[in-house]
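Architecture at a glance
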Amino acid sequence: MNPYVRNTLSVIAGLVLGSIVNMGIITISGSIIPPPEGADVTTMEGLKASIHLFQPKHFIFPFLAHALGTFVGALVTAFLVTNHKLKFALAIGAFFLVGGTANVLMLPSPAWFNVVDLVGAYIPTSYLAGILIIKKK
């Protein structure tokens, strides 16, 4: 297969699978750590209106979703690309970081969570995924 086609498909696969992992964790999070009483987490408007009710424990699964979704996406991409595995893994991390930044701008989360999420969930996990694939080969 042409390396450009393979690399492009690898990035698409990483983005799709990373997004699936992210949404899967977000979907199950409410059954593991229930949202606060009276919080409507089914819509963005409801989430914005009730975010002030959230305790630190309610931010565990969003962080895990962002970190593990990015990790899986970067891991898949780094595994499948033909070359520059770390660069492609970091590109996946950058893509998810843009999404995380958009989320920060749309949702009034606490500042501590925004910092932890943006600094710890995207680039470090994609770097780790890229390094793991490089050392595996």
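Quantities reported herein were computed from a predicted structural model and do not represent experimental measurements. (Residues numbered from 1 in each chain as written. Predicted model: local features only at pLDDT ≥ 70, side-chain atom pairs only at ≥ 80, totals over all residues. Heavy atoms only, no water.)

**Points about the overall build of the protein**
When helices and strands are counted, the protein shows 6 helices and 0 strands. Element order for the protein, N to C, with α for helix and β for strand: α-α-α-α-α-α. Expressed along its principal axes, the backbone C-alpha trace of the protein runs to roughly 55 × 25 × 25 Å. Within the protein, the proportion of its 137 residues that are buried is 36%. In the protein, 76% of the contacts between residues at least 6 apart in sequence involve partners at least 24 apart. When the accessible surface of the protein is split by element, carbon and sulfur atoms take 74% of a total near 7,700 Å². Taking the average location of the 8 positive side-chain charges in the protein and that of its 4 negative ones, the two points are 30 Å from each other. (Helix = DSSP H or I, 4+ residues; strand = E, 2+ residues; numbered from the N terminus. Buried < 20%, exposed > 50% of the residue type's maximum accessible area, 1.4 Å probe, protein only. Contact = heavy atoms within 4.5 Å. Areas by Shrake-Rupley, 256 points an atom, 1.4 Å probe, with all protein chains shown as cover. Lys, Arg positive; Asp, Glu negative; His and termini not counted. Charge placed at Lys NZ, Arg CZ, Asp CG, Glu CD.)

**Comments concerning the nonpolar core**
One finds Leu 15, Ala 67, Phe 71, Ala 74, Ala 78, Ala 89, Ile 92, Phe 96, Ala 121, Tyr 122, Ala 129 and Ile 133 forming the largest nonpolar core, which totals 12 residues. Broken down by secondary-structure element, the contributors of at least two residues to this core are α3 (60–80), α4 (85–106) and α6 (123–136). The leading source of residues in this core is α3, at 4 residues. (Core = buried A, V, L, I, M, F, W, Y, C linked by side-chain atoms within 4.5 Å.)

**Side note on the packing of aromatic side chains**
Per the stated rule, a full pass over the model turns up 5 aromatic pairs. Aromatic pair Phe 95 and Phe 96: ring centres 5.9 Å apart, planes at 90 degrees, arrangement edge-to-face. Assessed through its relative accessible area of 8%, Phe 96 is described here as buried. Each member of the aromatic cluster is reached from another via a ring pair, and the members are Phe 54, Phe 59, Trp 112 and Phe 113. (Phe/Tyr/Trp six-rings, centres within 6.5 Å; stacked < 30°, edge-to-face > 60°.)

**Overview of the UniProt feature "transmembrane region" (unreviewed entry) in the protein**
Those residues carrying the UniProt feature "transmembrane region" (unreviewed entry) are residues 12–33, 59–81, 88–106 and 112–134 in this numbering. Annotation note: span residues 12–33, helix share 95%, strand share 0%, distance between end C-alpha atoms 31 Å. End C-alpha atoms of residues 112–134 are separated by 33 Å, and the span's content is 91% helix alongside 0% strand. (UniProt positions renumbered as here; feature names shortened; annotations may be inferred.)

**A closer look at the side chain of Asn 7**
Looking at the element boundaries, Asn 7 is found in helix α1 (residues 3–32). Judged by its relative accessible area of 9%, Asn 7 falls in the buried class. A distance of 2.9 Å separates the side chain of Asn 7 from the backbone nitrogen of Thr 82, its partner in a polar contact. The residues contacting Asn 7, other than those within four sequence positions of it, are Val 81, Thr 82, Asn 83 and Phe 88. (Polar contact = N/O pair within 3.5 Å; in protein donor to acceptor, adjacent residues only side chain to side chain.)

**A short note on α4**
Helix length check: α4 (22 residues) gives 32 Å between terminal C-alpha atoms against 32 Å at 1.5 Å per residue, within 8%. Turning to α4, its buried residues are Lys 85, Ala 89, Ile 92, Gly 93, Phe 96 and Gly 100. Viewed end-on, α4 has its buried residues packed into an arc of 95 degrees, placing them on one side of the element. Exposed and oriented more than 90 degrees from the buried face of α4 are Lys 87, Val 98 and Leu 105. Close packing links the buried residues of α4 with α1, α3, α5 (111–120) and α6. (Expected span 1.5 Å × (residues − 1). Arc of directions from axis to C-beta.)

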